[in-house]
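Okay, here's what each chain looks like letter by letter:
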Amino acid sequence: MFKLAYRNLNKLVVGLAFFCLFFQVAADLLLPTITADIVNIGIVKHDIPYIWHTGFAMLVISLLGIVGAVCNQLLAATSSQKLGVKLRSFMFRKITRMANGDFEKLGQASLITRTTNDVVQMQNATYSMLRMMVRSPMMLFGASIMAYFKSPRLTLVFLATMPVLALLVVLIMKKSVPLFRKIQALTDQINLVFREGLTGVRVIRAFNQDDFEQKRFKTANSNLTGNAISAYVTTSLMSPAMTLIISASNIAIVWFGAHLIAGNMMPVGNLLSFITYATQMLFAFMQLSMIFVVVPRAQASAQRIQEVLDVKDTINDPKNPRVLQKIIDLSFAHVDFSYSDSSKKVLEDISFQIHAGQTLAIIGGTGSGKTSLINFIPRLFDTSAGQVLLNGIDIRDFLQSDLHRRISFTSQQSFLFQGTVRSNLKYGDPNASDQQMMKALDIAQASHFVEEQGGLDAPVEQGGHNFSGGQIQRLSIARAVVKQADIYIFDDTFSALDFKTDANLRKALAKDKQIQKAIKIIVAQRVSTVADADQILVLESGRISAIGKHAELMQRSAVYKEIVNSQLHKKDSLTQIKGQAYA
Ligand SMILES: Nc1ncnc2c1ncn2[C@@H]1O[C@H](COP(=O)(O)OP(=O)(O)OP(=O)(O)O)[C@@H](O)[C@H]1O
């Protein structure tokens, strides 16, 4: 925790905060002694001018102390808040660039807790650290010395309470620290259940599983609550127990002090200041013990934050990148791939080549590796073996930013951002004109419903929930089309479209001059979607079963023929399906 905070805090501001603290501590330590002097000299000896002078000095010291305290508090608050801002943005950047495997390993719910709740723990601990972690030991040490000078004998009385206090702190910490550490993991769990409940609300209702989910949430909720109550109840014992000890020690100090005063062994003012120092010591001790509770909890949070920040970037840019010219050729050479958490090859010996102006369609059964294959092109994953080449050069020799600039990718799970149709389309090209956006909507067969909803400024709710599944998909296609790219990839993007819209959309794509010149890669399940492609790649269990044009494959690929037949009604022919689609 200290390392993480140290690396990300402004050292100058921290130094300044401690400097201000020095004034506060000095004032706190000096004032009881001055009070004692006022009593011993001013009141007992009736020295009124002394009372005035010393009173004025007290006022100045108090003011300095207050200024020091306020400045320290301000600096501590701003530093800890800025630390939070820094950590949150580092984590967000890391998460948005994280390889899919790491993202899945950490889990969405936990990543949210780490970016929010854990960062807050770090902020709180840093604030306490800048306020109390230095002040409390300084006060403890300073007040002990000052108390010793006031009365060494009374100091012994006070010291007798220390072992009792230490025992109390150890017992409370032993019970509460593990409970505080557990809070973070339980918060992860409640976030997970809550997220699933929100995103899967329709499934829950459709399967009538409300009661089951309610119970699941209730368990997660009560686990967290029970744990937090135990942790806070345990630490809340600290304050009354310490107050009891402080009061008992004060009684003992007054009792012994009264004897010392009666025996002329100590002036009365010293007893007053001694009691103040004893109280200061005990409060400093109490604050210090509270820090011992805050720090382990923040340490657990720091560890969880560090885990995110330490995730290695598995997809890196080259040291000496090549310049990526217009892409005229894409090829795979003996590509193998396994996901990091499994040794099983998801793709094996994939080789093909496609040129600018051509369309490659990829077809195959569920789980045959279609999505995995196209993920290499924008480098969402790197191959385990073999190469992906652009214009004959390994894709890993180019900067990812250059690569992404030249590739337009529409993923299987269409996603829209909250905003407007315009703001979503501008993701494709921030400089796109209204005319370009309208054209993209036309190609994606989306202009009709977008106009009905208010045109380019039509609002898009969170996750695009004010649009249907097919409409979201068409808007995602429009976003991809707005981009002037060299390669367009559509990962099963046409599946939610009806036959007619699918056919019209592909016809419009084929007519567009920019898209005509580009490489198009279409992953699809429907034969009608892929039949016109220049090359159809048939994937079967991660291997290329066949590659060629529709007519060729019908002749020589049993797998392709089987797919075609499975989609034809008895009396249909493919030409009929195509005819129906283009109607
Ligand atoms: N993140 C992952 N970690 C581990 N295995 C994965 C991961 N993603 C996919 N797989 C596995 O890789 C194989 C290929 O998956 P992929 O998503 O590429 O298939 P697909 O052909 O696109 O399937 P679909 O048509 O259902 O979308 C499957 O067996 C799947 O279980």
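None of the values given here were measured: they were computed from a predicted structure.

Peer 1: Explain the site of the ligand to me, please; I cannot follow it from the model alone.
Peer 2: Looking at the ligand, there are 14 residues lining it, with Gly 367, Lys 370, Thr 371, Ser 372 and Gln 412 nearest. Within the side chain of Tyr 339, a nitrogen or oxygen atom sits 3.4 Å from a nitrogen atom of the ligand. Taking Gln 525, its side chain carries an N or O atom lying 3.2 Å from an oxygen atom of the ligand. Notes on the ligand: free accessible area 630 Å², of which the protein chains cover 68%. Ranked by residue count, the leading element in the shell around the ligand is helix H13 (residues 370-374), at three residues. In terms of residue class, the shell around the ligand is made up of two nonpolar, nine polar and three charged.

Peer 1: Got a minute to help me understand the side chain of Asp 486 in this structure?
Peer 2: Inspection of the secondary structure assignment puts Asp 486 in the loop between helix H18 (469-482) and strand S9 (487-491). By relative accessible area, Asp 486 is classed as buried at 6%. Within the local environment of Asp 486, its side chain forms a polar contact with the side chain of Arg 406, the two groups lying 2.7 Å apart. Apart from the residues lying within four places of it in its own chain, the contact partners of Asp 486 are Gln 325, Lys 326, Ile 327, Arg 406, Ala 518 and Ile 519.

Peer 1: Explanation requested: the packing of aromatic side chains in the structure shown.
Peer 2: Each aromatic ring pair is specified by the distance between its two centres and by the angle formed by the two planes. Per the counting criterion, the structure on display carries 16 aromatic pairs. Ring plane angle 85° and centroid distance 5.3 Å describe the contact between Phe 19 and Phe 23, whose orientation is recorded as edge-to-face. Residue Phe 19 and its partner Phe 23 are both found in helix H2 (residues 11-43); the two are separated by four residues, about one turn of the helix. Classification of Phe 23 by relative accessible area gives partly exposed; the value is 31%. Summarising the aromatic geometry, the rings of Phe 180 and Tyr 232 are spaced 5.1 Å apart at their centres and angled 85° between planes, so their arrangement reads as edge-to-face. Placement of the pair is Phe 180 in helix H8 (residues 162-199) and Tyr 232 in helix H10 (residues 210-236), with a sequence separation of 52 residues. Taking relative accessible area as the criterion, Phe 180 reaches 3% and is therefore assigned buried.

Peer 1: Help me understand a nonpolar patch on the surface in this model?
Peer 2: Taken together, the side chains of Leu 16, Phe 19, Phe 22, Phe 23, Phe 56, Leu 59, Val 60, Leu 63, Leu 64, Ile 66, Val 70 and Leu 74 make up a nonpolar region of the molecular surface, amounting to roughly 1200 Å² of accessible area. Looking at the nonpolar patch, the elements with two or more residues in it are H2 and helix H3 (48-97). Assignment of secondary structure puts Leu 16 in helix H2.

Peer 1: Hey, could you run me through the sheet that holds strand S6 (residues 407-410) in this one?
Peer 2: Strands in a sheet are paired, the pairing made by backbone hydrogen bonds, and the direction either parallel or antiparallel. Read from one edge to the other, the open sheet built from six strands follows the order S6-S9-S10-S3-S11-S12, with strand pairing classed as mixed. The two strands at the open ends of the sheet, each matched to only one other strand, are S6 and strand S12 (543-548). Ignoring strand direction, the axes of neighbouring strands in this sheet form an average angle of 15°. Across five bridges, the pairing between S9 and strand S10 (residues 519-523) is parallel. Each bridged residue has a counterpart across the sheet, and for Phe 490 the counterpart in S10 is Ile 522.

Peer 1: What's the story with the pattern of salt bridges in this structure? I'm lost.
Peer 2: Between side chains of opposite charge, pairing is possible as soon as their charged atoms come close. Using the criterion set out here, one finds 19 salt bridges in the structure. A salt bridge links Asp 28 to Arg 135, with the shortest nitrogen-to-oxygen separation between them at 2.7 Å. A residue pair is termed long-range when its members are at least 10 positions apart, and Asp 28 in helix H2 and Arg 135 in helix H6 (residues 135-150) qualify at 107 residues. Residue classification places Arg 135 among the buried residues on the basis of a relative accessible area of 15%. The salt bridge involving Arg 304 is made with Asp 188; its shortest N-O contact spans 2.9 Å. Within this pair, whereas Arg 304 is found in helix H12 (residues 268-309), its partner Asp 188 is found in helix H8, the two being separated by 116 residues in sequence. Under the relative-accessibility criterion, Asp 188 is labelled buried at 13%. Three or more residues joined by partner-sharing salt bridges are found here, namely Asp 118, Asp 188 and Arg 304.

Definitions and limits used
- Residues numbered from 1 in each chain as written.
- Predicted model: local features only at pLDDT ≥ 70, side-chain atom pairs only at ≥ 80, totals over all residues.
- Heavy atoms only, no water.
- Near = heavy atom within 4 Å.
- Polar contact = N/O pair within 3.5 Å; in protein donor to acceptor, adjacent residues only side chain to side chain.
- Areas by Shrake-Rupley, 256 points an atom, 1.4 Å probe, with all protein chains shown as cover.
- Helix = DSSP H or I, 4+ residues; strand = E, 2+ residues; numbered from the N terminus.
- Nonpolar A, V, L, I, M, F, W, Y, C, P; charged D, E, K, R; others polar.
- Buried < 20%, exposed > 50% of the residue type's maximum accessible area, 1.4 Å probe, protein only.
- Contact = heavy atoms within 4.5 Å.
- Phe/Tyr/Trp six-rings, centres within 6.5 Å; stacked < 30°, edge-to-face > 60°.
- Patch = residues over 30% accessible without salt bridge, like charges linked within 9 Å, V, L, I, M, F, W, Y side chains within 5 Å.
- Salt bridge = Lys/Arg side-chain N within 4 Å of Asp/Glu carboxyl O.
- Pairing = 2+ DSSP bridges.
- Axes fitted to C-alpha atoms, helices over the stretch in contact; angles between N-to-C directions.

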